[in-house]
Amino acid sequence: QVQLVESGGELVQAGGSLRLSCAASGRTFSTYTMGWFRQAPGKEREFVSAISWNAGRTYYEDSVKGRFTCSRDNAKNTVYLQMNSLKPEDTAGYYCAAGLYHAATSADKYNYWGQGTQVTVSS
């Protein structure tokens, strides 16, 4: 069982930066692939980024490549999403998730979810 708590979301101007954190409970955090998803009002939840259990591989949705960086610290049971050059279209609730599938970009491959943190980017 893994419990996830996101933090770091807030209102920011376009072009700004934010770092989201996702703190996990449980001793098996280091065995999980960790993913970030986002959901804007009226839209489906979409994949943003994922990182392998040992941080050896990262994956990004095309629209965030070069702007977002996913990292993890297994000693702290925490995964991060550094978001730079933010755009109004990045506005959404951001959710972290834990799963055991390698390179998973589909939400149904993740077993545990946080409650989300809101990111709002003003133009």
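Provided above is the structure to which this section pertains.
The numbers attached to residues start from 1 for each chain and follow its sequence in the written order. Only residues with pLDDT of at least 70 get local features here, since the model is predicted, and only at 80 or more are side-chain atom pairs given and counted; chain-wide, interface and lining totals rely on the full set of residues. Computation of side-chain values: all heavy atoms of the structure, hydrogens and water removed.

**Q** Teacher, can you tell me more about the overall build of the protein chain here?
**A** Here a helix means four or more residues in a row that DSSP labels H or I, a strand means two or more in a row labelled E, and each is numbered from the N terminus. If you tally the helices and strands in the protein chain, you get 0 helices and 11 strands. Along its sequence from the N terminus, the protein chain presents helices and strands in the succession β-β-β-β-β-β-β-β-β-β-β. The atom set for the radius of gyration is the C-alpha atoms, and the globule formula is 2.2 Å times the number of residues raised to the power 0.38. The globule rule puts the C-alpha radius of gyration for 123 residues at 14 Å, and the 13 Å found for the protein chain is close to it. Burial here depends on accessible area, computed with a 1.4 Å probe over protein chains only, as a share of the maximum for the residue type. Under 20% is buried, over 50% is exposed, and the range in between is partly exposed. By residue count, 43% of the 123 residues in the protein chain fall in the buried class. In the protein chain, of all internal contacts separated by at least 6 residues, the share reaching a separation of at least 24 is 56%. Surface accessibility in these figures is a Shrake-Rupley result with a 1.4 Å probe; residues are shielded only by whichever protein chains are displayed. As displayed, the protein chain has an accessible area near 6400 Å², and 45% of this comes from carbon and sulfur atoms. Contact definition: two residues touch when any of their heavy atoms are within 4.5 Å.

**Q** Mind showing me how you'd approach the state of the cysteines here?
**A** The term disulfide refers to a covalent linkage connecting the sulfur atoms of a pair of cysteines. In plain terms, two cysteine sulfur atoms within 2.5 Å form what is called a disulfide here. For the structure on display, the rule yields 1 disulfide. Residue Cys22 pairs covalently with Cys96 via a disulfide, S to S 1.9 Å. Its S-S torsion of approximately 45° makes the covalent link between Cys22 and Cys96 right-handed. Note that Cys22 is positioned in strand β3 (residues 18-24) and Cys96 in strand β9 (residues 92-99), a separation of 74 residues in sequence.

**Q** Where do I start with unusual backbone geometry in this structure?
**A** Although it is not a glycine, Ala55 sits at a positive phi angle of roughly 65°. Tracing the backbone shows Ala55 in the loop between β5 (46-51) and β6 (58-60). Since its relative accessible area comes to 36%, Ala55 is described here as partly exposed. The phi angle at Asn77 is positive, at roughly 55°, despite the residue not being glycine. Following the sequence through the fold, Asn77 ends up in the loop between β7 (68-73) and β8 (78-83).

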